[in-house]
Amino acid sequence: MASVLFVCTGNICRSPTAEGVFRHLARAEGLERAFAWDSAGTQSFHEGEAPDARTVAAALRRGIDITDLRARRVRPEDFHAFDYIYAMDRGHYRALTGLCPRGARANISLFLESGGHAELQDVPDPWGRGDDGFDIVFEMIADATEKIFQDLKEKEAEK
Ligand code: 4NP
């Protein structure tokens, strides 16, 4: 079993999108038992809230329902509980490596680097922008999540 945690700032746009896509792929392939997934934010501004309505709409347009997800902040236990933690941008990566306790099991990486788009580095924050940004960000996240999912599936098969 491999466990993954996607992390952005507010946990209402980028990381719940990645979680929703990952969950969709795992369910579509009947691999719910092979993986555990979650998402979180480096900040607590939106704790307990559902994803942003524009993020929900962009996902629904591709048949992915994330309305049930609720925002939470990253917790120290996460670094022990998850095998892989994916940072949506370099700021999140720095925050996560700073928070990570010594000896924790989590492997922290930049989401787009693991997702085959190292050249892009950061998933742009769509929150303070216009509505069209959400579709672009969705596509970027879906593509990288699919790559991460396929890579982890291969790793699990090798175990
Ligand atoms: P997210 O987007 O990190 O992709 O969920 C943001 C949501 C809220 C804020 C920033 C980014 N905020 O500053 O409240």
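Criteria and cut-off values
- Here, residues in each chain are numbered from 1, in the same order as that chain's written sequence.
- At least 70 in pLDDT is required for a residue's local features to be given in this predicted model, at least 80 for side-chain atom pairs to be given and counted, and no such filter applies to totals for whole chains, interfaces and linings, which use all residues.
- With hydrogens and water stripped out, all remaining heavy atoms of the structure feed into the side-chain values.
- Only Phe, Tyr and Trp rings take part, Trp by its six-membered ring, and two of them pair if their centres are within 6.5 Å. Stacked means planes under 30 degrees apart, edge-to-face means over 60, and tilted covers everything else.
- Each helix is a run of DSSP H or I of at least 4 residues and each strand a run of E of at least 2, with the numbering of both proceeding from the N terminus.
- Categorising residues by exposure relies on relative accessible area from a 1.4 Å probe, with only protein chains included: less than 20% of the type maximum marks a residue as buried, more than 50% marks it as exposed, and the intermediate range marks it as partly exposed.
- Residues are classed as near a molecule or strand on a simple rule: at least one heavy atom within 4 Å of it.
- We call two N or O atoms a polar contact when they sit within 3.5 Å, provided that within protein one can donate a hydrogen and the other can accept it, with sequence-adjacent residues counted only if both atoms are side-chain atoms.
- Under the convention used here, a 1.4 Å probe and the Shrake-Rupley method define accessible areas, while residue burial counts only the protein chains that appear.
- For this classification, Asp, Glu, Lys and Arg are treated as charged, while Ala, Val, Leu, Ile, Met, Phe, Trp, Tyr, Cys and Pro are nonpolar and the rest, including Gly, are polar.
- Residues are called lining when one of their atoms sits within 4 Å of a cavity or pocket point, these points coming from a 1 Å grid over the protein atoms alone, where a cavity is a set in which a 1.4 Å probe fits but cannot get out and a pocket is an open set with protein on both sides within 12 Å along at least five of seven lines.
- Grid points are joined across faces, edges and corners, and a volume is the space filled by probe spheres set on the points.
- Strand pairing requires that DSSP identify at least two bridges connecting the strands.
- For a crossover, the right-handed case is the one in which the path from the first strand over the helix to the second runs clockwise, viewed with the strands pointing away from the viewer.
- Buried Ala, Val, Leu, Ile, Met, Phe, Trp, Tyr and Cys residues form a nonpolar core when they are joined through side-chain atoms within 4.5 Å.
- Contacts were defined at the residue level, with two residues in contact if any of their heavy atoms lie within 4.5 Å.

Draft legend 1. Spotlight on the packing of aromatic side chains. Using the criterion set out here, one finds eight aromatic pairs in the structure. Seen in terms of ring centroids, Phe6 and Tyr86 are 5.4 Å apart; in terms of plane orientation they differ by 25°. Their pairing is stacked. Taken together, the residues Phe6 in strand β1 (residues 2–8) and Tyr86 in strand β3 (residues 84–87) connect sequence positions 80 residues apart. Tyr86 matches Phe6 in its accessibility class, with the two residues each being buried. In this structure Phe6 comes out as buried when scored by relative accessible area, which is 0%. Connected via pairs of aromatic rings, a cluster forms that spans Phe6, Phe22, Phe35, Trp37, Tyr84, Tyr86, Phe111 and Phe149.

Draft legend 2. Quick peek at the site of the ligand. Close contacts around the ligand come from Cys8, Thr9, Gly10, Asn11, Ile12, Cys13, Arg14, Phe45, His46, Asp125 and Trp127, and that covers them all. Here an oxygen atom of the ligand sits 2.9 Å away from a polar atom, N or O, in the main chain of Gly10. Its free accessible area being 360 Å², the ligand has 91% of it covered by the protein chains. Residues belonging to the shell around the ligand are distributed by class as follows: five nonpolar, four polar and two charged.

Draft legend 3. Spotlight on the layout of surface pockets. The volume enclosed by the largest pocket comes to roughly 150 Å³. Around the largest pocket sit Cys8, Thr9, Gly10, Asn11, Ile12, Cys13, Arg14, Phe45, His46, Asp125 and Trp127, which together line it.

Draft legend 4. Here's a closer look at empty space enclosed by the protein. Taken as a whole and assessed by the stated rule, the structure comprises one cavity of 30 Å³ or more. Here the largest cavity is characterised by a volume of approximately 60 Å³. Listed by contribution, the elements that provide at least two residues to the lining of the largest cavity are α1 (14–28), α2 (53–60) and α6 (133–158). Sorting elements by how many residues they give to the lining of the largest cavity places α6 first, with three residues. The class makeup of the residues in the lining of the largest cavity is six nonpolar, two polar and one charged.

Draft legend 5. Structural detail: the pairing of strand β2 (residues 35–41). By the criterion of burial, β2 is predominantly enclosed, with five of the seven residues buried. Sheet analysis places β1 next to β2, joined by seven bridges and oriented parallel. Considered in β2, the bridge of Cys8 is made with Gly41. Handedness of the crossover joining β1 and β2 through α1 is recorded here as right-handed.

Draft legend 6. Local environment of the nonpolar core. Within the largest apolar cluster, 36 residues are counted, with the highest numbers of intra-cluster contacts made by Val4, Phe6, Phe22, Tyr86, Phe111, Val123 and Leu152. Elements with a contribution of two residues or more to this core: β1, α1, β2, α2, β3, α5 (111–114) and α6. The element that contributes the greatest number of residues to this core is α6, accounting for 10 residues. Not counting residues within four places of it along the chain, the set of residues in contact with Phe22 comprises Val4, Phe6, Phe35, Trp37, Thr145, Phe149 and Leu152. Ranked by size, the runner-up nonpolar core spans 13 residues in total, among them Val7, Phe82, Ile85 and Leu110.

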